[in-house]
Amino acid sequence: MATDYAGLGTPGVHPYLDGPSEAHSLIDGVRAARAVDPRLSTKWAATGYSQGGHATLFAAHLANATAPDLDYRGGVAIAPPTRLERLLPLAGPYVPKVPFSGTTTFFALILTALRAAHPELNLDSYLTPHGVEVLDGLEETCYADAEQKLNIGGIGDLLSRPLNDPALVSAFRQMVEVPTSGYDRPLMLAQGLNDDVVPPPLTADFGAELIANGVDVTIRVYPDNHLDTVFSSQPDAIAFMHKIFDKP
């Protein structure tokens, strides 16, 4: 079963990297698949790459409490964006364009989702006129077209003042912060060392905290970029899936 997320092909703004929303889309998709074909097993596991890895981790945290009727076994998160909650308070008009792929577009997509979910925060008041124009455009433009159509520039070009207001930071954390404890099934975390979209040090820090908190996590690294890690991690991911499905 492959899920899509709210706001993609449906009315409304897509809540990009809204972890709880992603998790419910994934879990509800499993239920929907079984409703279509009741012969499907109740055993299930999740795997995802990039945004899908973020969704996999949130689903792993919520699966058994949210869907006790299903037998969730574990998850594989490949290059998931984590630790983003630490970066927002640092953002402001002084931030230069960073040497990572798509960073400004992804950042703007998160702000677009936050603006739609929390109009009371008046996010437009933190934006330059160009920033407002970019977020308006992203409500109807997919990532593949955004940079060409919207002339996005750097993060600092979008912001008129720092994003360090406590209410804004709190709402952002609730949306994107991946839990580092409370998982009751095994996880596999895969990261490419040459990933220029999801910085490896952020994933390493996240994985270290999972281990410190006693989470059953298998961590694998590969000498690859963001996309190629999907393919290089496949043998390990398949072996991991066999292991968690073969348990009684």
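Up top you'll find the structure we're talking about.
Reference entry: report on the structure contained in this document.

So, how was this worked out
- Residues numbered from 1 in each chain as written.
- Predicted model: local features only at pLDDT ≥ 70, side-chain atom pairs only at ≥ 80, totals over all residues.
- Heavy atoms only, no water.
- Helix = DSSP H or I, 4+ residues; strand = E, 2+ residues; numbered from the N terminus.
- Rg over C-alpha atoms; globule rule 2.2 N^0.38 Å.
- Expected span 1.5 Å × (residues − 1).
- Buried < 20%, exposed > 50% of the residue type's maximum accessible area, 1.4 Å probe, protein only.
- Contact = heavy atoms within 4.5 Å.
- Salt bridge = Lys/Arg side-chain N within 4 Å of Asp/Glu carboxyl O.
- Phe/Tyr/Trp six-rings, centres within 6.5 Å; stacked < 30°, edge-to-face > 60°.

### Some thoughts on the overall build of the protein
What the protein contains, in helices and strands, is 10 helices and 4 strands. Shown N-terminal to C-terminal, the secondary structure of the protein runs as helices and strands in the order α-β-α-β-α-α-α-α-α-β-α-β-α-α. A compact globule built from 248 residues should have a C-alpha radius of gyration of about 18 Å, and the protein, at 18 Å, falls within 12% of that. Taken along its principal axes, the extent of the C-alpha atoms in the protein is 55 × 40 × 35 Å.

### Focus: helix α1 (residues 19-36)
Taking 1.5 Å per residue as the helical rise, α1 with its 18 residues ought to reach 26 Å, and the 26 Å between its terminal C-alpha atoms agrees with that figure. Along α1, the positions that sit buried rather than exposed are Gly19, Glu22, Ala23, Ser25, Leu26, Ile27, Gly29 and Val30. On the buried face of α1, the contacting elements are β1 (43-49), α2 (51-66) and α7 (166-176).

### Describing the pattern of salt bridges
Close approach of charged atoms lets side chains of opposite charge pair. The full count for this structure, using the stated rule, is 11 salt bridges. A salt bridge links Asp205 to Arg83, with the nearest nitrogen and oxygen atoms 2.7 Å apart. In this pair, Asp205 sits in helix α8 (residues 200-212) while Arg83 sits in the loop between β2 (71-78) and α3 (103-117), placing the two residues 122 residues apart along the sequence. For Asp205, a relative accessible area of 31% translates into the label partly exposed. With a shortest N-O distance of 2.9 Å, Asp124 and Arg115 are connected by a salt bridge. On the accessibility criterion, Asp124 (32% relative accessible area) is partly exposed.

### Details of the packing of aromatic side chains
In this description, a pair of aromatic rings is defined by centroid distance and the angle of the planes. Scanning the entire structure with this criterion turns up 3 aromatic pairs. Seen from their ring centres, Phe106 and Tyr143 are 4.7 Å apart, and the 5° between their planes marks the pair as stacked. With Phe106 in helix α3 and Tyr143 in helix α5 (residues 143-150), this residue pair connects regions lying 37 residues apart in the sequence. Residue class for Tyr143 comes out partly exposed when judged on its relative accessible area of 35%. Each residue in the set Tyr16, Phe106 and Tyr143 is aromatic and connected to the rest through ring pairs, giving one cluster.

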